[in-house]
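Topology and contacts: notes
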Amino acid sequence: MVEGLNLALDQAMAADDRVLVMGEDVARTGGVFRVTAGLLDKYGDDRVIDTPLAEAGIVGTAIGMAVYGLLPVIEIQFDTFVYPGFEQIVVHAARYAWRTRGEVPASIVVRIPFGGGVRAPELHSDSPEALFAHVPGLKVVCPSTPEDARDMLLAAIEHPDPVIFMEPKRIYRAGRQDFPEEPPFDISSADGVTTDYLSKARIARSGHDLALISYGATVPACMEAAERLSSERGVDARVVDLRSLYPLDVDTLVDAATACGRAVVVHEAPRTAGLGAEVSSLIHERAMLDLEAPVGRVTGFDVPFPQFINEDDYIPSVDRILAGCNKVLDW
Amino acid sequence: MTDILAIIGDGDEIPDGPRPQGLSDKALLRIFSWLVLLRTFDERAVALQRQGRIGTYPMFWGEEATQAGPLFACDESDWLWPSYRQSAIGILRGLPASTPLLYRRGIGGAHGFWNPRTYRVAPICIPIGTHLPHAVGLAWAARMRGESLASLVWFGDGATSEGDFHEAMNFAAVFKAPVIFFCVNNQWAISTPVSRQTATETIAEKAVAYGMPAVRVDGFDPLACWSATRQALDRARTGGGPFLIEAYCYRLAPHGTADDPSRYRDEAEARRWRALEPVGRTAAYLRRLGVLDDEREEAARLEASEIMARAVEDMEAVERPGPAILFEPVYGSAMPWTLSEGLSSFPAEWVAGGA
């Protein structure tokens with residue numbers, strides 16, 4: 001996935017000179033996860049910028065650049081580090097279109113490596129996506145494959161609205177995927193096309209007995225759970241990768257729930273008021289009569305993300321996902 | 001750094017400084033007409049609020065010099081970043097005066113907001129000091145693109161306590177962004193005196209820690225505000241980086257129409273400061289120079305009254321918008337289904353709007 005993200009940045013910067021990358025340690029070291037590696041040499045320090053260590057300043061100055069007409073892509077080094085920039089995102093980035101008659105949206109991308117599972121120090125493993133999904137004016141997305149990472153980041157950069165781009169760091173380097181290197185759309189005339197990449201869920205596995213709905217790093221876990229359901233119970237699970245966390249692709253969700261009659265939502269973020277609550281609610285509102293059981297949730301707990309020795313107790317494992325599925329199947 | 005630059009005296013104890021180079025009679029009259037227009041806007045707005053025709057309004061009575069002065073030093077290409085205390089600044093850049101009134105009437109969308117690129121005036125900032133990084137980002141971007149423009153950003157003494165002030169000052173200095181940080185130190189943040197915002201003697205001295213120059217000026221003196229801004233802009237435009245200006249004055253009016261300063265400060269002190277208010281003082285100064293007379297002063301006041309009369313008329317001609325205004329300008333791209341669903345939940349006859 002890191003290569004996919006790097007490719008997207010490279011292709012966007014090559015095709016559109018309004019695009020620039022900024023953040024802590026993004027230039028000389030290429031980012032702590034190397035997502036921006038090689039860009040400094042190619043595009044220079046006016047377009048690949050190591051900033052002072054100040055997230056409100058990074059988001060805030062990027063908003064000013066966007067008002068000028070540039071397309072800044074910000075890297076927040078780790079999930080929890082975004083909180084000092086939260087005010088700038090919520091009050092300003094999210095409302096710029098609203099406060100300018102829709103004419104000057106804050107066209108920024110805020111890339112946030114998020115979630116646990118990499119044995120990181122304390123306060124490096126949060127999943128804050130629901131906080132952003134709750135803020136009107138933002139788009140919130142999360143890829144789970146290298147190809148989606150490339151395509152969705154390209155779309156996010158060219159998209160007029162501010163995009164919170166959640167990057168599941170646990171699968172940054174999990175598995176390779178061959179995909180056409182060519183950009184999926186013409187970067188120089190992306191108007192209107194970008195929304196498609198930032199609003200549609202993906203069917204990661206087809207099936208008709210149970211809908212497993214997730215995003216980010218728990219998608220591969222759901223795929224594994226689906227294989228085990230197939231071999232252990234003969235249950236054919238459909239896996240839906242949300243990709244867009246705001247807005248949710250309601251049609252794909254309702255189709256899956258209607259076709260399967262049973263659904264389980266899986267995410268790593270804490271349960272209460274998480275994305276799972278919204279997904280579950282949408283399905284119950286729109287497909288109640290097609291359901292054989294209430295929608296289940298397998299999530300993190302309502303606790304601070306633990307120290308890493310215990311992180312596997314927190315993160316939804318394949319076994320926990322299977323247990324959640326069995327509960328819904330046996331309801 | 002405690003010296004205060006002043007040009008206009010008070011005709012009594014404070015002597016006039018030398019007439020500033022580069023300001024013709026015409027320019028001086030133009031600055032005066034701006035002061036009068038701002039004053040007229042402010043007084044009309046307060047009256048409209050008292051009559052229940054607009055909502056809560058944060059007046060800027062007495063701070064006209066801190067707005068007209070620095071703005072007069074700017075080029076058309078420079079960007080302005082007002083806080084809520086400069087909510088009418090756009091009218092000096094061609095924004096219809098009805099727009100800030102409509103905003104205070106509680107109407108958004110195309111009525112109360114504007115396209116900032118049209119006037120190079122950003123939307124006013126409501127939270128304290130959080131627009132400072134935007135001013136820096138824009139000026140920095142322009143500098144990287146080789147465009148000669150600067151950002152002029154206003155904020156109060158209270159804003160210097162905010163983290164965004166620090167981050168913006170620091171970014172601007174590190175990247176040599178052409179930004180004029182214009183701090184209106186009116187000594188009061190609602191009920192909190194400046195001594196509770198900072199332990200430094202001046203706001204200006206904070207600049208030292210960022211590696212940028214600063215100057216203190218009389219915030220009731222439009223020519224001192226102009227002169228300092230002019231100097232700062234000259235420096236910024238030639239790659240010298242940002243500049244902090246502390247306009248020392250006093251908040252002569254309440255914080256806003258819902259505030260009663262007698263609860264927390266000695267109003268006798270406010271009355272003493274009132275003798276230094278900029279509009280009367282500038283008029284007296286210009287008369288001493290022989291630039292202003294009764295006829296010209298009357299003409300400035302009449303022009304301002306006419307502009308405001310039209311603005312009030314235009315404001316009141318706008319009917320209450322329908323609920324579409326809630327949804328339409330939220331995104332620059334097509335409305336997501338979540339919003340369309342909200343909009344379609346209203347009966348069609350409501351969506352159209354009207355009184």
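If you're wondering where the values come from, they're calculated on a predicted model, not measured in any experiment.

Within chain B, the secondary structure is distributed over 15 helices and seven strands. What you see for chain B is a C-alpha radius of gyration of 21 Å, in line with the 20 Å of a compact globule of 355 residues. When its C-alpha atoms are laid out on the principal axes, chain B stretches across 65 × 50 × 40 Å. Expressed as a percentage of its 355 residues, the buried residues of chain B come to 58%. Accessible area for chain B stands at about 14200 Å²; split by element, carbon and sulfur atoms hold 49% of it. Where the 35 positive side-chain charges of chain B centre and where its 44 negative ones centre are 2 Å apart.

Quick look at the interface of chain B and chain A now. Facing 47 residues of chain B, the contacting portion of chain A comprises 53 residues. Counting each side, the surface lost to burial between chain B and chain A is near 3900 Å², with a carbon and sulfur contribution of 63%. In terms of surface lost to chain A, no three residues of chain B exceed Arg145, Tyr331 and Trp337 of chain B, which account for 16% of the buried area on that side. Residue Glu341 of chain B pairs with Arg286 of chain A through a salt bridge whose shortest N-O separation is 2.5 Å. On the surface where chain B and chain A come into contact, there are 24 residue pairs in polar contact (both at pLDDT 80 or more). Put simply, the parts of the chain that give the side of chain B that touches chain A at least two residues each are strand S1 (79-81), helix H4 (109-112), helix H5 (116-119), helix H6 (132-144), helix H7 (163-174), helix H13 (324-327) and helix H14 (337-344) of chain B. For the side of chain B that touches chain A, the element with the most residues is H6 of chain B, which contributes nine residues. Residue classes in the side of chain B that touches chain A are distributed as 31 nonpolar, ten polar and six charged.

Along its sequence, chain B is organised into domain 1 (25-318) and domain 2 (323-355). Put simply, the middle of domain 1 of chain B and the middle of domain 2 of chain B, counted by C-alpha atoms, are 35 Å apart.

All names here are of chain B. Given a rise of 1.5 Å per residue, twelve residues ought to cover 16 Å, and the 16 Å separating the end C-alpha atoms of H7 matches this to within 8%. Along H7, the residues that are buried comprise Asp164, Phe165, Glu167, Ala168, Met169, Phe171, Ala172 and Ala173. Just downstream of H7 lies Lys176, where phi reads positive at about 50°.

Here we take up the pattern of salt bridges. Summed over the entire model, instances satisfying the criterion amount to 36 salt bridges over all chains. Two residues, Lys169 of chain A and Asp79 of chain A, come together in a salt bridge whose shortest N-O distance is 2.7 Å. Here Asp79 of chain A lies in the loop between strand S3 (71-75) and helix H4 (86-93) and Lys169 of chain A lies in the loop between strand S6 (163-168) and helix H7 (194-197), a separation of 90 residues in the sequence. For Asp79 of chain A, a relative accessible area of 0% gives the class buried. Between Glu147 of chain B and Arg120 of chain B there is a salt bridge; the shortest N-O distance is 3.6 Å. Note that Glu147 of chain B is positioned in the loop between H6 and strand S2 (151-156) and Arg120 of chain B in the loop between H5 and H6, a separation of 27 residues in sequence.

Right, let's get into the sheet that holds S2 of chain B. Residues and elements named next belong to chain B. The sheet built from five strands is open, its strands ordered S1-S2-S3-S7-S6 with parallel pairing. Sheet topology places S1 and strand S6 (214-218) at the edges, where each strand pairs with a single neighbour. When strand polarity is set aside, the average angle formed by the axes of neighbouring strands in this sheet is 20°. In this structure, S6 lies alongside strand S7 (residues 243-248), joined through five bridges in parallel fashion. From the neighbouring strand, Ala214 faces S7, where its bridge partner is Leu244. Lying over the sheet, helix H9 (residues 222-240) contacts strand S3 (179-185), S6 and S7, oriented at roughly 175° with respect to S7.

Moving on, we get to the environment of Val48 of chain A. Residues and elements named next belong to chain A. For Val48, the position within the fold is in strand S2 (residues 48-50). When its relative accessible area of 1% is taken as the criterion, Val48 is described as buried. Separated by 115 residues in the primary sequence, Val48 and Val163 place their C-alpha atoms 19 Å from one another. When residues no more than four places from it in sequence are discounted, the contact partners of Val48 are Met13, Val21, Val26, Ala27, Leu39, Leu40 and Tyr43.

What tends to happen in soluble globular proteins is that the nonpolar side chains get buried as a cluster. In this structure, Ile213 of chain A together with Phe181 and Leu244 of chain B are the most contacted members of the largest nonpolar core, which totals 100 residues. Looking at this core element by element, the count peaks at nine residues for H6 of chain B. Excluding residues within four positions of it along the chain, Leu244 of chain B makes contact with Phe155, Met169, Phe181, Cys183, Ile203, Ala204, Ala207, Met212, Pro213, Ala214 and Val215 of chain B. Counting residues in each nonpolar core, the second largest holds 81 residues, with Leu28, Cys74, Ala224 and Ile245 of chain B among its members.

What follows deals with the packing of aromatic side chains. Describing an aromatic ring pair means giving the distance of the ring centres and the angle of the ring planes. Residues and elements named next belong to chain A. What the rule picks out here adds up to 23 aromatic pairs over all chains. Aromatic pair Phe33 and Tyr172: ring centres 5.1 Å apart, planes at 55°, arrangement tilted. Pair noted here: Phe33 is in the loop between strand S1 (19-23) and helix H2 (39-43) and Tyr172 is in the loop between S6 and H7, with a separation of 139 residues, a long-range link. Using a relative accessible area of 18% as the deciding quantity, one classes Phe33 as buried. Judged by relative accessible area, Tyr172 falls into the buried class, the value being 2%.

Analysis parameters
Residues numbered from 1 in each chain as written. Chains lettered and ligands numbered in written order. Predicted model: local features only at pLDDT ≥ 70, side-chain atom pairs only at ≥ 80, totals over all residues. Heavy atoms only, no water. Helix = DSSP H or I, 4+ residues; strand = E, 2+ residues; numbered from the N terminus. Rg over C-alpha atoms; globule rule 2.2 N^0.38 Å. Buried < 20%, exposed > 50% of the residue type's maximum accessible area, 1.4 Å probe, protein only. Areas by Shrake-Rupley, 256 points an atom, 1.4 Å probe, with all protein chains shown as cover. Lys, Arg positive; Asp, Glu negative; His and termini not counted. Charge placed at Lys NZ, Arg CZ, Asp CG, Glu CD. Contact = heavy atoms within 4.5 Å. Buried area = accessible area lost by both parts, 1.4 Å probe. Salt bridge = Lys/Arg side-chain N within 4 Å of Asp/Glu carboxyl O. Polar contact = N/O pair within 3.5 Å; in protein donor to acceptor, adjacent residues only side chain to side chain. Nonpolar A, V, L, I, M, F, W, Y, C, P; charged D, E, K, R; others polar. Domains from an automatic or database assignment. Expected span 1.5 Å × (residues − 1). Pairing = 2+ DSSP bridges. Axes fitted to C-alpha atoms, helices over the stretch in contact; angles between N-to-C directions. Core = buried A, V, L, I, M, F, W, Y, C linked by side-chain atoms within 4.5 Å. Phe/Tyr/Trp six-rings, centres within 6.5 Å; stacked < 30°, edge-to-face > 60°.

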